[in-house]
Amino acid sequence: MEKPKTTVRILEKISKANDVIAEENRSEFLARGFAVINLLGSPGCGKTTLIAATAARLRGRPIAVVEGDVAGSVDAEFLAGQGLPAIQINTGGGCHLDAGMIREAMRALAPADGSVVFIENVGNLICTAGYDLGEQIRVLALSTPEGDDKPHKYPGIFVGAEVLLITKSDVASYVGFDAQALRRRALSLNPGLVIFEVSAVKGDGMDAWCDWLAARVGEKKSCE
Ligand SMILES: Nc1nc2c(ncn2[C@@H]2O[C@H](COP(=O)(O)OP(=O)(O)OP(=O)(O)O)[C@@H](O)[C@H]2O)c(=O)[nH]1
Ligand SMILES: [Mg+2]
């Protein structure tokens, strides 16, 4: 019976240690004028496509990307090919990024002062929600093929997000996705949630999202 209590204490310690580093990261990011966005969502929900499409619309500030995946570097390579400074973290099986990984990656990436930095977290709707990375903005991407019932099943990630991007809006009608039901369910968990419906591929909704983001990170004008 003692073992589960010990496990809980160890997890609490890990969580507290992460929070300390996350606060150090946040101070450092503020001092450097970074706007850091932690992008969460399921595998394949469109995170990398969204970062590329958003970066293409942001004007006036340098942009850099920290990519998190269990293995491989295809996303970082893709973004570098789009002209974005990008660095890949491999968690080697871990289901989330943590603040220590971000500290190391940011030192290696060395974004220019004042950069907007996107962190693409590991595709996961559970573990990623529990780790503060020191970001200023937490964005959850949920794609229409995943279904409008997800707030019922993964409430924690909806509660912790500032923004919900309903991605792949262009295929919503093909997969029976009810955007109003999703909005209702998400807002019942987090009434302050800012919600956009976007298609990074077709461009629908991207101006509204980018205008909001530009204002949030203190840019005068972003989208065109
Ligand atoms: N129809 C449609 N497809 C999209 C959209 N955005 C992304 N996709 C497609 O969805 C697939 C996954 O997109 P990614 O951007 O790689 O998704 P991801 O969340 O970064 O994936 P992981 O990094 O593997 O978790 C690709 O085939 C994209 O072309 C969209 O707005 N509409
Ligand atoms: Mg990706």
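Further up the page is the structure itself.
Residues numbered from 1 in each chain as written. Chains lettered and ligands numbered in written order. Predicted model: local features only at pLDDT ≥ 70, side-chain atom pairs only at ≥ 80, totals over all residues. Heavy atoms only, no water.

Here we come to the coordination of the magnesium ion (ligand 2). With distances of 2.0 to 2.2 Å, the protein atoms coordinating the magnesium ion (ligand 2) are Thr48 (OG1), Asp75 (OD) and Glu120 (OE). Positions of the donor residues of the magnesium ion (ligand 2), expressed as sequence spacing, correspond to T-x26-D-x44-E. With Thr48 in helix 2 (residues 47-57) and Asp75 in helix 3 (residues 74-81), this residue pair connects regions lying 27 residues apart in the sequence. When sorted by exposure, Thr48 lands in the same class as Asp75, which is buried. (Donors = N, O, S within 2.8 Å, 3.2 Å for Na, K, Ca; no water. Helix = DSSP H or I, 4+ residues; strand = E, 2+ residues; numbered from the N terminus. Buried < 20%, exposed > 50% of the residue type's maximum accessible area, 1.4 Å probe, protein only.)

Glancing now at helix 2. Burial within helix 2 is extensive, with nine of its eleven residues counted as buried. For helix 2, the set of buried residues is Lys47, Thr48, Leu50, Ile51, Ala52, Ala53, Thr54, Ala55 and Arg57. In this structure, the buried residues of helix 2 make contact with strand 1 (35-41), strand 2 (63-69), helix 3, strand 4 (116-120), strand 6 (163-167) and helix 8 (206-216). (Contact = heavy atoms within 4.5 Å.)

All right, on to the site of ligand 1 then. Near ligand 1 lie 17 residues; those nearest to it are Lys47, Thr48, Thr49, Glu120 and Asp170. With respect to ligand 1, the backbone of Gly44 contributes an N or O atom lying 3.0 Å from an oxygen atom. Within the backbone of Val201, one N or O atom sits 3.4 Å away from an oxygen atom of ligand 1. Burial of ligand 1 by the surrounding chains reaches 68%, relative to a free accessible area of 650 Å². Per element, the largest residue contribution to the shell around ligand 1 is three residues, and it comes from helix 2. (Near = heavy atom within 4 Å. Polar contact = N/O pair within 3.5 Å; in protein donor to acceptor, adjacent residues only side chain to side chain. Areas by Shrake-Rupley, 256 points an atom, 1.4 Å probe, with all protein chains shown as cover.)

Read from one edge to the other, the open sheet built from seven strands follows the order 3-2-4-1-5-6-7, with strand pairing classed as parallel. Taken across any chain shown, the strands that pair with only one partner, and hence form the sheet edges, are strand 3 (86-90) and strand 7 (194-197). Across this sheet, the average inter-strand angle for adjacent strands is 20°, counted without regard to direction. In this sheet, strand 7 lies alongside strand 6 in parallel orientation, the contact comprising four bridges. Residue pairing in the sheet places Val163 in a bridge with Val194 of strand 7. Each of strand 5 (137-143), strand 6 and strand 7 touches helix 7 (residues 179-189); the most contacted strand, strand 7, lies at about 160° to it. (Pairing = 2+ DSSP bridges. Axes fitted to C-alpha atoms, helices over the stretch in contact; angles between N-to-C directions.)

Moving on: the pattern of salt bridges. Counting across every chain of the model gives 13 salt bridges. Linking Arg183 and Glu197 is a salt bridge whose minimum nitrogen-to-oxygen distance equals 3.1 Å. Placement of Arg183 in helix 7 and of Glu197 in strand 7 is noted, with a sequence separation of 14 residues between them. The exposure class assigned to Glu197 is partly exposed, which follows from its relative accessible area of 31%. Here the salt bridges do not stand alone but share partners, grouping Glu24, Arg103, Glu104 and Arg107 into one network. (Salt bridge = Lys/Arg side-chain N within 4 Å of Asp/Glu carboxyl O.)

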